[in-house]
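Single-letter residue listing:
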Amino acid sequence: MLRLPGLIDPHVHMREPGALHKEDWDSGTAAALAGGFTTVLAMPNTRPPIFDEQTLSLSLGAARQKARCDYAQFLGAGPDNSLSVSGLASRSAGLKMYLDMTFGQLRLDDMALWLPHFKNWPADMPIVVHAEGRSMAAAMLMAAIHNRPVHIAHISLREEILLIKAARERGLRVTCEVAPHHLFLTDHSAGEGGLRGKPGRSQVRPRLARQADVDALWANLEVIDCFATDHAPHTLEEKDSDDPPPGFPGLETALPLLLTAVHEGRLTVDQIIEKCFTNPRRIFNLPAQPETWIEVDQDAVYEIRAADHYTRCGWTPFEGWKVRGRVHKVVLRGIEVFRDGKLSAGPGSGRDIRSAE
Ligand SMILES: [Zn+2]
C-alpha cells in the first residue's frame, strides 16, 4: 500500500445552496473522501451565489451540518461588493473572480470592475480567477500592478501555460491549476466512454482542448502548481438535454487517473503529492491536518463505474476507463473515515478550516 497525505482539492462545486438534486455538502464531501481528498475548497457560483455575509453564513451553516471532510468556502467577486467581501475574507477560502462569465450576479463586465477587488482584498488572502486566454493575461497584469499573487483556475491551453511560464521566469507571482479532464480528454474525446456520442456530455468550461494543448500541459508539468478537479456535477438528464450545462464530476476519478499516469511513466508519485497537497496547502494557506493520510493500492486494476461513486450526479465522463490505482483507506484526524468503498464519516464531521475554533 502506498501512503499519501490527505489530498486537497482547491476547486469544487458543491451545488449548495440552490441545486441539491445535483450535489450537496453531504454527497459532495462523501465523494471527496472516496476520492482521497480530505480538504475541499468550494466555489461561490451557487444559487444564490456566495458573495456577502448572509450567503456565506448560509453555505457555511449547511456545511457545518453536512460536510464529511474539511472545507472552506470561496467568496464571489461582484460588480459592487469589493469592500463588503474583503471584510469577510478571513472566513473564506479566498476570492473567486469570474472574468469570462457573461451572466449572473458575479458578472464583471469590464476591467474597471476588477480593480477595486485587486485593491481591497487582503494581501495575505488568495485571489483565484476564471480567466481564459487574453483575459488571463489581463488578470496577471492587474495582479502585478497591485503587487499581489494571483492563482489561475483550470488552465487548458498551450498559450496559457507558456504565458504563465514566461511570466514566472520574469518574477511574476502567478500560480495555476489544471483539471484532470484537461489532461486526459481532448476535443476529439466526445463519443468515447462516458461521453457516448451525447454532445452535452463533453460540455465543460474551459472547453476540452486540442491534442496540441493537452501535449503542452504534459510537457510543462513543472509549471502546473495544482491538480484541481473542478468537480462540477450535473445530472445525466441535464447533460443529455437540449440545453446541457457545462461541467464534469471529478472528485472520484482524479486520483485513479493520476495513478494510472504514474504507472505509465508520465507522472511521479512525488508530483501527485506536490500538486495535490504541498502546493495547494501553501498557495491557499491551509492548516495542517494532524494524523491524516490515505492509503492507495497502486496495483488494483479496474474499470471506472459511476454506479460505484458517491456523487449524486450519477455519471462520469470516464465511464468504462480502465485504471490502475484505488483508494483503500482514508484517515482524517486519527479516525478511519473510508475503507474499501465504504464511508464511515458522519455528516458534520468535517471542519471549517477557516473557523477560529
Ligand atoms: Zn469551476
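All values derive from a computational prediction rather than experimental measurement.

The subject of this paragraph is the pairing of strand S7 (residues 127-130). Side chains Ile127 and Val129 project from S7 onto one buried face, and the interleaved Val128 and His130 project onto a second face that is buried too. Two strands pair when backbone bridges link them, and strand S6 (residues 95-98) and S7 are joined in this way by four bridges, in the parallel orientation. Opposite Tyr98, over in S7, you have His130 as the bridge partner. Handedness of the S6-helix H4 (residues 115-120)-S7 crossover: right-handed. For S7 and strand S8 (residues 150-152), the ladder comprises two bridges, and the chain directions are parallel. The residue bridging Val129 from the neighbouring strand is Ile152, located in S8. For the crossover from S7 across helix H5 (residues 134-145) to S8, the handedness is right-handed.

Read from one edge of the open sheet, six strands run S5-S6-S7-S8-S9-S10, paired in parallel fashion. Of all strands in the sheet, those bounded by a partner on one side alone are strand S5 (75-76) and strand S10 (226-227). Where helix H6 (residues 158-169) meets the sheet, it contacts S8 and strand S9 (174-178), and its direction lies at approximately 155° from that of S9.

A few words on the sheet that holds strand S12 (residues 322-332). One open sheet accounts for five strands, arranged S1-S11-S12-S13-S14; its pairing is antiparallel. Across the chains shown, the open sheet's two edge strands, defined by having one partner strand only, are strand S1 (2-5) and strand S14 (342-343). Pairing geometry for strand S11 (residues 293-303) and S12, over eight bridges, is antiparallel. When the bridges of S12 are listed, Glu295 appears paired with Lys329. Contacts from helix H11 (residues 269-283) reach S1 and S11, with the element oriented near 25° to S1.

It is worth spelling out the nonpolar core at this point. Ranked by internal contacts, the top residues of the largest apolar core, which has 94 residues, are Met97 and Ile152. In this structure Met97 touches Ala77, Leu108, Trp114, His117, Phe118, Ile127, Val128, Val129 and His130, once residues within four positions along its chain are discounted. Counting 17 residues, the second largest nonpolar core, distinct from the first, contains Met43, Ala72, Leu286 and Ile353.

Next up on the list: unusual backbone geometry. Cis geometry is found at the peptide bond from Glu16 to Pro17, where omega equals 10°. Here Pro17 lies in the loop between strand S2 (7-12) and helix H1 (25-34). The linkage connecting Arg47 with the following residue, Pro48, adopts the cis geometry, with an omega of -5°. In this structure, His154 is a non-glycine residue whose phi angle is positive, near 25°.

Thresholds applied
- Residues numbered from 1 in each chain as written.
- Predicted model: local features only at pLDDT ≥ 70, side-chain atom pairs only at ≥ 80, totals over all residues.
- Heavy atoms only, no water.
- Buried < 20%, exposed > 50% of the residue type's maximum accessible area, 1.4 Å probe, protein only.
- Helix = DSSP H or I, 4+ residues; strand = E, 2+ residues; numbered from the N terminus.
- Pairing = 2+ DSSP bridges.
- Right-handed = clockwise from strand over helix to strand, strands pointing away.
- Contact = heavy atoms within 4.5 Å.
- Axes fitted to C-alpha atoms, helices over the stretch in contact; angles between N-to-C directions.
- Core = buried A, V, L, I, M, F, W, Y, C linked by side-chain atoms within 4.5 Å.

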